[in-house]
Amino acid sequence: MHYRFCRSILILFLVCNVLSVAAQVFSPEQYNLKWTSQSANSGESMPCGGGDIGLNVWVEQGDLLFYISRSGVFDENNVFPKLGRVRVRLSPNPFDAGDGFQQELKLHEGNVEVSGKKGKLSVVVKVWVDVFRPVVHVDIDGSSPVSAQAWYESWRTEPAELKGNARSASSYKWAEPKVAVWPDSVRHEKDGVLFYHRNRDSTIFDAIVRQQKLEAVKPKLWNPLRSLTYGGWMTGRNMIADPVITTGRYADAPFKGFGLKSKSPSRRVQLSIYLHTDQQKDISGWKKGLWGTVASATAEAKTARTQTLEWWKQYWQRSYIALDVGKKDSASPVWQVGRNYQLFRYMLGCNAFGTYPTKFNGGLFTYDPVWVDTSYHFTADHRNWGGGIFTAQNQRLVYWPMLKSGDFDMMKPQFEFYQRILSNAETRTGHYWGHKGASFTEQIENFGLPNYAEYSSKRPAGYDPGLEYNKWLEYLWDTSLEFCLMILDQQHFTGADITRYLPLIESCVVFFDEHYQYLAARRSAAKLDQSGHLVLFPGSAAETYKMAYNSTTTVAGLQTVLQRMLVLPSQYGSEAQRKYWKEILNRIPPLSFREMQGHRTIAPAKAWERIQNTEIPQLYPVFPYGIYGIGKPDLETAVNTWKYDTEAIRNRNHTSWHQDNIFCARLGLTEEAAALTIKKLQDSGRRFPAFWGPGHDWVPDHNWGGSGMIGLQEMLMQTSGDSIYLLPAWPDDWDVQFKLHAPKNTVVEGEWKGGRMVQLKVMPERRRNDVICSKCGYSRF
């Protein structure tokens with residue numbers, strides 16, 4: 001007995017000491033992507049970016065090319081256009097029939113590096129974006145002097161029209177036969193190329209206000225499109241304007257090129273593109289802002305590169321999930337999952353400080369659509385589902401993974417999106433129905449009103465003007481609740497002050513309380529049911545269960561958000577507000593259940609009229625709302641819903657926005673979660689392996705990548721209350737190094753290797769007692 005006791009103490013001592021060691025320092029360099037041949041077209045481009053700028057970079061027939069995108073750029077039709085294309089050509093040209101070609105995405109530096117040789121000449125080109133200033137840099141270093149030519153290429157120099165499927169890039173979509181596109185202004189100025197687009201006074205905003213009968217309140221509505229001006233200035237060290245304007249055709253778009261050329265050959269060439277976006281009363285005001293950007297960036301030029309490198313260094317040390325480290329096998333689906341997780345997180349980091357959220361349907365990295373769909377002969381400005389339209393059901397999946405990855409600062413663009421449009425959403429509620437609350441519909445414009453096409457101009461006489469006449473989107477109000485929960489979660493994770501967003505959160509829940517009592521009063525003398533609950537009808541469980549009564553997505557969302565509001569620190573909300581929140585919570589009906597194949601399951605609603613889409617809203621109480629999951633009551637009912645609900649089974653899918661992998665991870669179904677996560681995050685089949693899609697949306701499909709990230713994180717770590725569950729759905733044979741964030745400013749860093757936890761570090765140390773890992777052989781550490 002004495003021997004066994006001593007031996008047990010020794011084993012425990014050794015285990016605890018091993019688990020106390022910090023995991024080794026992660027380096028993303030192992031996942032750098034290298035190409036040794038040039039690209040055939042923009043569809044084989046590589047993402048690059050920083051701050052709020054994204055580039056698609058590729059080398060084709062000896063020329064270096066890249067598209068430029070920037071967050072917050074919208075034209076009169078709410079297209080999210082490229083800012084243009086840049087072409088660089090060297091002489092002598094190491095990429096023209098040279099050897100030793102290589103193009104590499106250097107994750108740790110945040111840039112793309114292209115190198116090549118021709119005879120005794122070797123050249124290295126670094127393409128990078130200043131994280132803190134809106135400047136694109138092309139730095140060229142040669143072993144001997146070279147001359148450079150650079151062209152700013154534009155396909156928007158003449159008036160044009162969007163026709164057919166091309167209209168889906170705008171907010172008009174199919175609703176208008178032709179959509180006019182106004183040209184940009186491009187010219188040489190100050191030995192550089194000046195380019196910009198200035199929106200006319202009349203835009204899609206004005207058309208929507210007329211369509212939706214909001215003229216009476218138009219002065220109250222925020223309009224981000226009127227006089228919006230965006231563009232920039234391209235210049236180069238030791239370069240002058242080339243007066244010859246080139247013409248050509250790339251993919252399906254004719255273009256004009258406005259060039260610069262070297263004054264004389266040099267071993268070092270630097271090209272810079274300065275960008276500026278603003279709403280100004282005239283173009284002179286915008287130009288003043290642009291020259292101010294040039295001046296400030298020039299003043300900080302000596303430290304810009306160092307600051308950018310440091311930002312990316314800190315970004316990669318903040319969080320990671322690295323699979324099969326030291327066993328690189330690009331053919332292994334598991335290794336691909338780990339690599340592509342990093343590649344997609346890099347793409348998210350390129351819009352860290354965006355004026356607008358990263359768009360689900362391509363983000364900053366769309367390219368010529370013919371390389372997505374061969375029947376789409378449109379310009380590089382195209383993306384399906386619009387540029388200024390934000391679809392919450394898709395957007396949420398881009399931002400949920402940022403909690404566990406600790407990218408809290410990057411969530412601000414999504415929170416501010418709702419904050420800016422709150423007043424418009426409240427104004428429309430008061431105008432149509434005379435009560436309080438923010439009515440955020442699905443598929444909203446960047447100014448908070450329903451999309452022009454989805455709202456529909458062909459409506460029955462007398463139809464409620466506050467509603468979208470749309471069988472998919474009617475009565476779909478509850479998507480904003482996920483973003484309310486996201487804000488509350490950030491406060492729970494970090495302790496951040498969310499006072500600014502409390503009116504937004506409150507307004508979202510107040511809308512349901514007031515609107516459904518308003519609707520009940522129009523059809524009955526009783527505003528509540530016999531149990532004192534709201535009658536949430538008509539409603540919608542996602543886009544799938546329509547004309548729903550007590551939709552599970554709505555009930556789960558309201559219950560969760562209100563409960564979380566009530567446990568906020570006392571600084572949030574007055575005593576009267578908290579009393580009101582509790583009253584609303586008491587009026588929320590319970591979730592509904594049903595029996596499927598002999599098992600109790602979560603129902604999508606209490607009742608509904610029709611089923612029409614392919615979502616699984618009956619599992620939204622699992623994700624995103626976390627009512628069911630590891631460490632939470634009645635897990636069996638949620639598992640049964642996945643296993644036995646025949647409607648859910650029919651809708652299973654791994655593509656695009658489908659979140660089956662997340663459901664399985666949260667339910668602890670390891671085998672299913674692993675298989676679905678591989679399908680989510682394995683190579684896309686395109687040259688850049690994280691350019692997934694189009695799925696239901698476009699390429700690169702960001703809600704595809706986002707849902708993949710969430711699922712992988714949930715396989716590794718889940719939280720319930722103060723408890724942190726490690727490896728709740730993790731395969732024994734997947735080696736992993738990880739660093740993830742948890743509530744209460746907690747960071748969990750460790751390594752699972754060879755079927756055991758070999759390293760674990762929990763910060764702060766006091767939170768170590770809250771870690772549970774049944775797979776490790778111990779309930780708590």
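I will try to describe carefully the structure that is included in this document.

Calculation criteria
- Residues numbered from 1 in each chain as written.
- Predicted model: local features only at pLDDT ≥ 70, side-chain atom pairs only at ≥ 80, totals over all residues.
- Heavy atoms only, no water.
- 1 Å grid on protein atoms, 1.4 Å probe; cavity = no way out; pocket = protein on both sides within 12 Å on 5 of 7 lines; lining within 4 Å.
- Points joined across faces, edges and corners; volume = space filled by probe spheres on them.
- Nonpolar A, V, L, I, M, F, W, Y, C, P; charged D, E, K, R; others polar.
- Salt bridge = Lys/Arg side-chain N within 4 Å of Asp/Glu carboxyl O.
- Axes fitted to C-alpha atoms, helices over the stretch in contact; angles between N-to-C directions.
- Helix = DSSP H or I, 4+ residues; strand = E, 2+ residues; numbered from the N terminus.
- Parallel < 35°, antiparallel > 145°, perpendicular 65-115°, else oblique.
- Left-handed = near helix turned anticlockwise from the far one by under 90°.
- Contact = heavy atoms within 4.5 Å.
- Buried < 20%, exposed > 50% of the residue type's maximum accessible area, 1.4 Å probe, protein only.
- Pairing = 2+ DSSP bridges.
- Expected span 1.5 Å × (residues − 1).

Going through the model one piece at a time under the given rule, you end up with seven cavities of 30 Å³ or more. If you add up the space inside the largest cavity, you get close to 60 Å³. Along the walls of the largest cavity sit R396, T614, E615, I616, Y620, W657, H658, Q659, D660 and F663, which together make up its complete lining. Looking at the lining of the largest cavity, its residues break down into four nonpolar, three polar and three charged. As a volume, the second largest cavity reaches approximately 60 Å³. Together, S71, G72, F74, F80, N351, Y356, P357, T358, K359, G363, L364 and F390 line the second largest cavity.

Summed over all chains, the structure comprises 43 salt bridges. Here the residues in one salt-bridge network are D63, R85, R87, R89 and E153, joined through shared partners.

We now examine the packing of helix α10 (residues 480-494) against helix α12 (residues 552-566). Where α10 meets α12, the closest approach of the two axes is 10 Å, and the angle between their N-to-C directions is 30°. By the criterion of interaxial angle, the relationship of α10 to α12 is roughly parallel. When the axes of α10 and α12 are compared, the crossing they make is left-handed. In this structure, α10 contributes L481, C484, L485, L488, D489 and H492 to the contact, and α12 contributes T554, G557, L558, T560, V561, R564 and M565.

Okay, helix α14 (residues 635-644) next. Within the span of α14, buried status applies to T637, A638, V639, N640, T641 and W642. Against the buried residues of α14 lie β23 (593-596), β24 (599-602), α15 (646-650), α16 (660-666) and α17 (670-681).

Before going further, it helps to examine the layout of surface pockets. For the largest pocket, the calculated volume is near 750 Å³. As for the largest pocket, its lining consists of 32 residues, and the residues nearest its centre are D489, R564, Y625, G626 and K632. Sorting the residues of the lining of the largest pocket by element identifies α7 (401-404), α10, α12, α18 (702-716) and β26 (717-720) as the ones contributing at least two each. Here the lining of the largest pocket is built from residues that sort into 15 nonpolar, 11 polar and six charged. Forming the walls of the second largest pocket are 31 residues, and the residues nearest its centre are W155, R156, A160, V181 and T379. Of all the elements in the fold, those that place two or more residues in the lining of the second largest pocket are β10 (160-162) and β16 (253-262). With four residues, the top contributor of residues to the lining of the second largest pocket is β16.

Moving on to the side chain of S507. In this structure, S507 sits in helix α11 (residues 502-523). By relative accessible area, which is 6% here, S507 ends up buried.

Further remarks concern the sheet that holds strand β25 (residues 610-611). One open sheet accounts for three strands, arranged β21-β22-β25; its pairing is antiparallel. Looking along the sheet, the strands with just one partner apiece sit at the ends: β21 (539-541) and β25. Pairing between β21 and strand β22 (residues 545-548): three bridges, direction antiparallel. For G539, the partnering residue across the bridge sits in β22 and is A548.

Take α12 next. Taking 1.5 Å of rise per residue, the 15 residues of α12 would be expected to cover 21 Å, and the 21 Å separating its terminal C-alpha atoms lies within 8% of that figure. In terms of burial, α12 is a largely internal element, 12 of the 15 residues being buried. Buried residues of α12: T552, T553, T554, V555, A556, G557, L558, Q559, T560, V561, L562 and M565, and no others. Where α12 is buried, its residues contact α10, α11, β21, α13 (575-587) and β24.

Our next topic: the pairing of β22. Connecting the antiparallel pair β21 and β22 is a turn made up of three residues, with A542 showing a positive phi of about 55°. Pairing analysis gives two bridges linking β22 to β25, with the strands arranged antiparallel. Across the sheet, the residue bridging to Y545 is I611, located in β25.

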